[in-house]
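Remarks on the overall topology
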Amino acid sequence: MRLVSDFFEWFGSLGIFTWQVLKAAVTPPYEWSELIRQLDEVGSKSLPLVVMAGSAIGVIISLEARYSLSRFGAKSMFSSTLVYSVIQVMGPVITGLVVSGRVGAGMGAELASMKVTEQIDAIEASAINPYRLLAATRILACILMLPLLTLATDACALMTGWVAQALVEPLSFHQFISSGFSGATFNAFLPPTFKTAVYGLIIGLIACFQGMRTTGGAAGVGRAATNSVVLGSLFLILADVVLVKFILVFFH
Amino acid sequence: MTTVYDNAMKQTEPEQNRLVPGVTVENVFKSFGSFTVLNGISLRVNRGETLAVLGRSGTGKSVLLRLIIGLVKPDSGSIRIQNQDISGLPLDRMGEIRKKMGFLFQHAALYDSLTVGGNVAFPLEHHRRDLSKAERDDRVRQLLSEVGMERDIEKMPSNISGGMQKRVGLVRALALEPEILLLDEPTAGLDPISSAEFNDLILKLQRERQMASIVVTHDLHSAKTIAGRLALLNQGRVVIEGAFSDLQQSDIEFVKEFLKQ
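Residues numbered from 1 in each chain as written. Chains lettered and ligands numbered in written order. Predicted model: local features only at pLDDT ≥ 70, side-chain atom pairs only at ≥ 80, totals over all residues. Heavy atoms only, no water.

Some details on the overall build of chain B
- On a plain count of helices and strands, chain B comes out with 10 helices and 10 strands.
- A globule of 261 residues ought to have a C-alpha radius of gyration of about 18 Å, and chain B, at 18 Å, matches this closely.
- Structurally, chain B occupies a C-alpha span of about 55 × 40 × 40 Å along its principal axes.
- Looking at chain B as a whole, 52% of its 261 residues qualify as buried. (Helix = DSSP H or I, 4+ residues; strand = E, 2+ residues; numbered from the N terminus. Rg over C-alpha atoms; globule rule 2.2 N^0.38 Å. Buried < 20%, exposed > 50% of the residue type's maximum accessible area, 1.4 Å probe, protein only.)

Observations regarding the sheet that holds strand β8 (residues 212-217) of chain B
All names here are of chain B.
- With respect to topology, six strands assemble into an open sheet ordered β6-β7-β8-β3-β9-β10, the strand pairing being mixed. Two strands bound the open sheet, and with one partner strand each, they are β6 (101-104) and β10 (237-242). Strand-to-strand twist in this sheet, taken as the mean axis angle between neighbours without regard to direction, amounts to 15 degrees.
- Helix α2 (residues 61-68) contacts β3 (50-55), β6, β7 (180-184), β8 and β9 (229-234) of the sheet and is inclined by roughly 150 degrees relative to β8. (Pairing = 2+ DSSP bridges. Axes fitted to C-alpha atoms, helices over the stretch in contact; angles between N-to-C directions. Contact = heavy atoms within 4.5 Å.)

Some words on the nonpolar core
- Ranked by size, the top nonpolar core spans 78 residues in total, and within it I68, I81 and L182 of chain B carry the most contacts.
- Among the elements that line this core, the one with the most residues is helix α6 (residues 130-166) of chain A, at 11 residues.
- The next biggest cluster of nonpolar side chains, apart from the first, holds 32 residues, and it includes A121, I160, A175 and L201 of chain B. (Core = buried A, V, L, I, M, F, W, Y, C linked by side-chain atoms within 4.5 Å.)

Considerations on the pattern of salt bridges
- Evaluated as defined, the whole model comprises 24 salt bridges over all chains.
- Ionic pairing is found between E26 of chain B and R80 of chain B, a salt bridge with its closest N-O pair at 3.4 Å. Taken together, the residues span a long stretch of sequence, with E26 of chain B in strand β1 (residues 21-32) and R80 of chain B in strand β4 (residues 76-81) at a distance of 54 residues.
- Of the residues examined, E26 of chain B reaches a relative accessible area of 37% and is grouped as partly exposed.
- Taking the relative accessible area as the measure of exposure, R80 of chain B reaches 22% and is therefore partly exposed.
- When salt bridges that share partners are traced, they join E34, R37, E110 and R138 of chain A into one network. (Salt bridge = Lys/Arg side-chain N within 4 Å of Asp/Glu carboxyl O.)

Let's talk about the sheet that holds strand β5 (residues 84-85) of chain B
Residues and elements named next belong to chain B.
- With antiparallel pairing, four strands are arranged side by side in an open sheet as β2-β1-β4-β5. The open sheet has two edge strands, β2 (35-46) and β5, and neither has a second partner.
- Direction of pairing for β4 relative to β5: antiparallel, over a ladder of two bridges. Within β5, the residue paired with I81 across the bridge is Q84.
- The sheet contacts of α2 involve β1, β2 and β4, and relative to β1 the element is tilted by about 120 degrees.

What to know about the interface of chain A and chain B
- Tallying the contact residues gives 20 residues for chain A and 21 residues for chain B.
- For the pair chain A and chain B, the summed buried area comes to about 1700 Å², and 55% of that belongs to carbon and sulfur atoms.
- D121 of chain A serves as the salt-bridge partner of R66 of chain B, at 3.0 Å between the closest nitrogen and oxygen.
- Across the chain A-chain B interface, the total number found is nine residue pairs in polar contact (both at pLDDT 80 or more).
- For the side of chain A that touches chain B, the secondary structure elements donating two or more residues are α5 (119-125) and α6 of chain A.
- Here the element with the most residues in the side of chain A that touches chain B is α5 of chain A; it accounts for six residues.
- Tallied by class, residues from the side of chain A that touches chain B come to nine nonpolar, six polar and five charged. (Buried area = accessible area lost by both parts, 1.4 Å probe. Polar contact = N/O pair within 3.5 Å; in protein donor to acceptor, adjacent residues only side chain to side chain. Nonpolar A, V, L, I, M, F, W, Y, C, P; charged D, E, K, R; others polar.)

Topic: the environment of L38 of chain B
Residues and elements named next belong to chain B.
- Position of L38 among the secondary structure elements: in strand β2.
- Of the residues examined, L38 reaches a relative accessible area of 0% and is grouped as buried.
- Along the sequence, L38 and E96 sit 58 residues apart, while their C-alpha atoms lie 26 Å from each other.

Topic: the side chain of S222 of chain B
- Relative to the assigned elements, S222 of chain B resides in helix α8 (residues 220-226).
- The contact partners of S222 of chain B, leaving out residues within four places of it in the chain, are T187 and N199 of chain B.

Concerning the pairing of β10 of chain B
All names here are of chain B.
- Inspection of the sheet shows β9 paired to β10 by five bridges, in the antiparallel sense. What sits directly across from L232, in β10, is I240.
- Here β9 hands over to β10 after two residues, with Q235 in that stretch at a positive phi of 50 degrees.

Examining the packing of aromatic side chains
- Summed over all chains, the structure comprises 17 aromatic pairs over all chains.
- Judged by centre distance (5.0 Å) and plane angle (70 degrees), the rings of W162 of chain A and F173 of chain A are edge-to-face. Separated by 11 residues along the polypeptide, W162 of chain A in helix α6 and F173 of chain A in helix α7 (residues 173-180) bring together distant segments of the chain.
- Note on F173 of chain A: relative accessible area 33%, which makes it partly exposed.
- Among the aromatic residues, those joined into a cluster by ring pairs are F7, F8, W10, F11, F17, Y131, F209 and F235 of chain A.
- The ring of F32 of chain B has K30 of chain B lying over it, and the distance from NZ or CZ to the ring centre is 5.1 Å. (Phe/Tyr/Trp six-rings, centres within 6.5 Å; stacked < 30°, edge-to-face > 60°. Lys NZ or Arg CZ within 6 Å of the ring centre and 35° of its normal.)

Digging into a nonpolar patch on the surface
- Together, M159, V163, L167, V168 and F173 of chain A make up an exposed nonpolar region whose accessible area comes to about 460 Å².
- With respect to the helices, strands and loops of the structure, M159 of chain A is situated in helix α6. (Patch = residues over 30% accessible without salt bridge, like charges linked within 9 Å, V, L, I, M, F, W, Y side chains within 5 Å. Areas by Shrake-Rupley, 256 points an atom, 1.4 Å probe, with all protein chains shown as cover.)

As for the side chain of R139 of chain B
All names here are of chain B.
- Relative to the helices and strands, R139 is located in helix α5 (residues 133-146).
- For R139, a relative accessible area of 14% gives the class buried.
- Contact partners of R139, with chain neighbours within four places excluded, come to L124, L174, A175 and E177.

Brief notes about unusual backbone geometry
- With an omega of 0 degrees, the peptide bond between P28 of chain A and P29 of chain A qualifies as cis.
- Positionally, P29 of chain A belongs in the loop between α1 (2-26) and α2 (32-42).
- Even without a glycine there, the phi angle at N83 of chain B is positive, about 75 degrees.
- By the secondary structure assignment, N83 of chain B is in the loop between β4 and β5.
- If you check the backbone angles, E177 of chain B has positive phi at about 55 degrees while not being a glycine.
- Within the element layout of this structure, E177 of chain B appears in the loop between α6 (162-174) and β7.

That is the geometry; function is a separate question.
And the structure:
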């Protein structure tokens, strides 16, 4: 019974938090300098990670695709299989999970630490809206940066996927791209990339919510960081189910 | 009828400030779950006056300050800041009221990602956008020099002592030139010499700025040094309110017990 009431209490509090952030985000004064700092924190500092993850994913998909397609005599489908797998599925999800791990944990722990040391209260006591300064800027930075990071992941994955294939049998980059993207439309690639803005919303919102409601000292900070990553990643994957269906219905 | 409060006011406050209200708390109740923290508390502090709120741990002294600055909402009763009732004010309207108030937190609550100078500049950057960077920097240096810390402007909060953190917290609270100052345990954790220096600093600022100040403290010596009037809390109620001499003359058992410390 307690578990059920905690479940509804959590969602209710998240709804109120979301409303407070939304109200703060659309009313001036706008915190431009903090937004730019957060864009750098979320974007630039996540770039090396998504580049490495994307590169690894490209090689993995290339190796798996070559083996599987050879078994079915469909080697000619290699380029388009790699391109579609990376851009429509793996690129967005891997980027979301990597950013959720790095940024979600970082934001959750930072805000939780500020909360337990009364720094958030001090911000509020200084007549500054903490929802605007701390939460809205971080969430917006996640929303704006996720699609850009996804493009970086996709580019790296395609590059390393092509290299892995070209090392085994001759395949020029021009051939790989023209074959991979043949017959493709913007509808095939833009919605999967821009759906990551929703991932960004989920990652930022959950991390800020968990951080700003923390209680209980160092243990609370640890819990907030863990919950930010676990819940952020879980909701991201659940949201993907809905988003994929939505894209299939409206963009195909 | 002359009350203890009126007598204390006559003894301690300049005539011109007596009728300028700062903070008025009327019949405020506050509970957390089944635990009642404040049980119908009423207090009043005028401009130029310092009230020390004393009491044992857990009697709701810090909660009282949080209620006054609007970080916590009362269950019932009214809190007025310069005659404006703050109960139910939305966050942005409350922000306007808070600009008139400075709050020193018990553990200073300095922003650990900013330098000492950055902490003091923080409220100015957000509320005094009319100031140029040079003017703001001058103001920060001037504020820090008032507490003898202008040479520590580039240090991080983690690299200065607890007493220094308190002083930075105090000047941050004063950055917007507040008319009301709330101090939560300003001398807690300080050695006797730092404590005496901090008391002198508060007295000096109070003389210069004539704010309405409320100081929550365990430290009776500090309370009688910096405040003209004292209020002793027990079980969420004001047991006695008046000058220190009124507390000394009281027959109430709890007051006698408390003064033995």
